[in-house]
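Chain and residue survey
What follows is each chain in one-letter form.
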Amino acid sequence: MIDLRSDTVTKPTEEMRKAMYLAEVGDDVYGEDPTVEKLEETAANVLGKEAALFVTSGTQGNQIAVLTHCRPSQEIILEAESHIFYYESGAVAALAGVQTRTIPSIRGAMDPRKVHEAIRGIDIHYPETGLICIENTHNRAGGAVVPVENMKEIYQVAKKHQVPVHMDGARLFNAAVAADVDVKEFAQYSDTVQFCLSKGLGAPIGSIIAGGKDFIQRAKVWRKRLGGGLRQVGVIAAPGLIALTNMKDRLAEDHENARLLADGIRNIDGLAVVNEVETNIVVVDVKELGVTADEFVVALKAEGVLSGSAGLSTVRLVTNLNVSANDIKLAIDAISRAINKK
Ligand SMILES: *Cc1c(COP(=O)(O)O)cnc(C)c1O
């Protein structure tokens, strides 16, 4: 099976397994795990932030950020198809008690003027604007990179109104590699950042949130409340540290593989690549074949390729650490076979 469902499906490398075995550990709720401390310090340095915190998942990291920045009754501004809005089980309502104000975008980049207009003034009828969220790369926009310049403009609007900015950078390192800039360039235009160790970077578990010292101190309390205070966490922080230090540059391979895959799919009648493939995600429209996305996913599985539906007639394919350029060739052949069998 060639698994292109997500970049979350990767298995830890040999080096990661060894690091897990050898990790020096302690009780992190007592602040005694040296491995997670090293990971958090490294992550803060890489992002250019004062401090960082290891959390169990991207979702937990985003939710801790919203909980730490906001009070119940506030409103958060976020992109209309963002992960926090679309894929976190309504957690911002259930946990933080905030309401959402969604802004449409062009390939993940919200118009700074629309963000500006959405910031609430002072009025007894209005909720307060508590936070602006930016997603980079943007998942449902097909792994699109939100340009540094766009982030800068939104950040300037936010600062003028004293509203904090959080970046859901689950795939921030993909953005940095694709745009050929340092992650700090993006991170400087958000007060807080979440990124996943467990996606393209290949770690088995975990995310990082980063920001100012005071923010991270308060975030730690929310992590504890949510049951995210872990004990000998070094066993999972150790592969995270390898992901963060050794795996960033290889993301270019995933991007190249995604381009190869998109080129192959463009040559197949009845299929259309609908996203501009900038990183590791390819979104394919199957409407012309007269099948639904779910039917196409089943047909593809029978030919040895796993994919995921991203809409009624769109299928998502994500390149990752466990998929080679040769696998991509095989996947393109399998896609042709699946279609010819119809
Ligand atoms: C995957 C993802 C998340 C959530 O990460 P999990 O570790 O799966 O909870 C958040 N935001 C974006 C943009 C993502 O792609």
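Keep in mind that this is a model prediction, so the values were computed, not measured. (Residues numbered from 1 in each chain as written. Predicted model: local features only at pLDDT ≥ 70, side-chain atom pairs only at ≥ 80, totals over all residues. Heavy atoms only, no water.)

A word on the overall build of the protein chain. Looking only at helices and strands, the protein chain features 14 helices and 15 strands. Computed over the C-alpha atoms, the radius of gyration of the protein chain is 20 Å, within 12% of the 20 Å expected from 2.2 N^0.38 for a compact globule of 342 residues. Seen through its C-alpha atoms, the protein chain measures out along the principal axes to roughly 60 × 55 × 35 Å. Counting all 342 residues of the protein chain, 57% fall into the buried class. Carbon together with sulfur atoms contributes 50% to the accessible area of the protein chain, which is approximately 15,200 Å² in total. (Helix = DSSP H or I, 4+ residues; strand = E, 2+ residues; numbered from the N terminus. Rg over C-alpha atoms; globule rule 2.2 N^0.38 Å. Buried < 20%, exposed > 50% of the residue type's maximum accessible area, 1.4 Å probe, protein only. Areas by Shrake-Rupley, 256 points an atom, 1.4 Å probe, with all protein chains shown as cover.)

Here we take up unusual backbone geometry. The omega angle of the peptide bond from asparagine 136 to threonine 137 is -5 degrees, so this bond is cis rather than trans. Relative to the helices and strands, threonine 137 resides in the loop between strand E7 (129-135) and helix H7 (148-160). A positive phi is found at serine 73, a non-glycine position, where the angle reads about 90 degrees. By the secondary structure assignment, serine 73 is in the loop between helix H3 (58-69) and strand E3 (75-79). Look at serine 73 and you get exposed, because its relative accessible area is 56%. Unlike most non-glycine residues, serine 89 shows phi in positive territory, near 55 degrees. Given a relative accessible area of 76%, serine 89 falls into the exposed group.

Let us now look at the environment of valine 163. Take valine 163: it is sitting in the loop between H7 and strand E8 (165-168). Put simply, valine 163 and leucine 131 are 32 residues apart on the chain and 5.8 Å apart in space, counted from C-alpha to C-alpha. Beyond its immediate chain neighbours, meaning those up to four positions away, valine 163 contacts Ile119, Thr129, Gly130, Leu131, Ile132, Ala158 and Asp191. (Contact = heavy atoms within 4.5 Å.)

Looking now at the state of the cysteines. Per the stated rule, a full pass over the model turns up zero disulfides. The thiol of cysteine 133 is not disulfide-bonded; the next cysteine sulfur, from cysteine 70, is found 7.4 Å away. Note on cysteine 196: no disulfide assigned, nearest cysteine sulfur contributed by cysteine 133 at a separation of 14 Å. Under the relative-accessibility criterion, cysteine 196 is labelled buried at 5%. (Disulfide = S-S within 2.5 Å.)

Moving on, we get to helix H12 (residues 251-266). Residues lying three or four places apart along an α-helix face the same way, a consequence of the helix completing one turn every 3.6 residues. Taking 1.5 Å as the rise per residue, H12 with 16 residues should run 22 Å; its terminal C-alpha atoms sit 23 Å apart, in good agreement. Residues of H12 that are buried: Leu251, Asp254, His255, Asn257, Ala258, Leu261, Ala262, Gly264 and Ile265. The inward-facing, buried residues of H12 contact helix H8 (172-179), strand E11 (272-273), strand E12 (281-285), strand E15 (314-318) and helix H14 (325-340). (Expected span 1.5 Å × (residues − 1).)

Glancing now at the pairing of strand E9 (residues 192-196). With five of five residues buried, E9 lies mostly within the body of the structure. Along E9, one buried face is formed by Thr192, Gln194 and Cys196 and the opposite face, lined by Val193 and Phe195, is buried too. When E8 meets E9, the two strands line up parallel, connected through three bridges. Across the sheet, the residue bridging to aspartate 168 is glutamine 194, located in E9. (Pairing = 2+ DSSP bridges.)

Another aspect to go through is the domain arrangement of the protein chain. Interfaces are often sized by the accessible area lost when the parts come together. The domains assigned to the protein chain are domain 1 (14-246) and domain 2 (250-340). Computed over C-alpha atoms only, the centres of domain 1 and domain 2 are separated by 29 Å. Facing the 17 residues of domain 1 at the interface are 15 residues of domain 2. Across the domain 1/domain 2 interface, buried area totals approximately 1,200 Å², and carbon plus sulfur atoms make up 49% of it. When the buried surface of domain 1 facing domain 2 is broken down by residue, Arg107, Gly142 and Asn174 rank first, second and third, together holding 34% of it. The closest approach of N and O atoms between arginine 107 and glutamate 276, which form a salt bridge, is 3.4 Å. (Domains from an automatic or database assignment. Buried area = accessible area lost by both parts, 1.4 Å probe. Salt bridge = Lys/Arg side-chain N within 4 Å of Asp/Glu carboxyl O.)

What follows deals with the sheet that holds E9. Taken in spatial order, the seven strands make up an open sheet running E2-E10-E9-E8-E7-E3-E4, and their pairing is mixed. The two strands at the open ends of the sheet, each matched to only one other strand, are strand E2 (51-55) and strand E4 (99-103). Mean inter-strand twist for the sheet, computed between neighbouring axes without regard to direction, equals 20 degrees. As judged from the four bridges shared by E7 and E8, these two strands associate in the parallel manner. (Axes fitted to C-alpha atoms, helices over the stretch in contact; angles between N-to-C directions.)

Moving on: the environment of valine 283. If you trace the backbone, valine 283 turns up in strand E12. Sequence-wise, valine 283 and valine 318 are 35 residues apart; in three dimensions their C-alpha atoms are separated by 8.7 Å. Setting aside its immediate chain neighbours within four residues, valine 283 contacts Gly142, Ala272, Val273, Val274, Asn275, Thr314 and Val315.

For the rest of this paragraph, the subject is the site of the ligand. Taken together, 13 residues surround the ligand, and among them Gly58, Thr59, Asn139, Asp168 and Lys199 come closest. Between the ligand and the protein, one listed contact pairs an oxygen atom with a side-chain N or O atom of asparagine 139 at 3.0 Å. Side-chain polar atom of arginine 171 to an oxygen atom of the ligand: 3.0 Å apart, as the coordinates give it. Burial of the ligand by the protein chains amounts to 85% of its free accessible area of 380 Å². Split into classes, the residues belonging to the shell around the ligand amount to two nonpolar, six polar and five charged. (Near = heavy atom within 4 Å. Polar contact = N/O pair within 3.5 Å; in protein donor to acceptor, adjacent residues only side chain to side chain. Nonpolar A, V, L, I, M, F, W, Y, C, P; charged D, E, K, R; others polar.)

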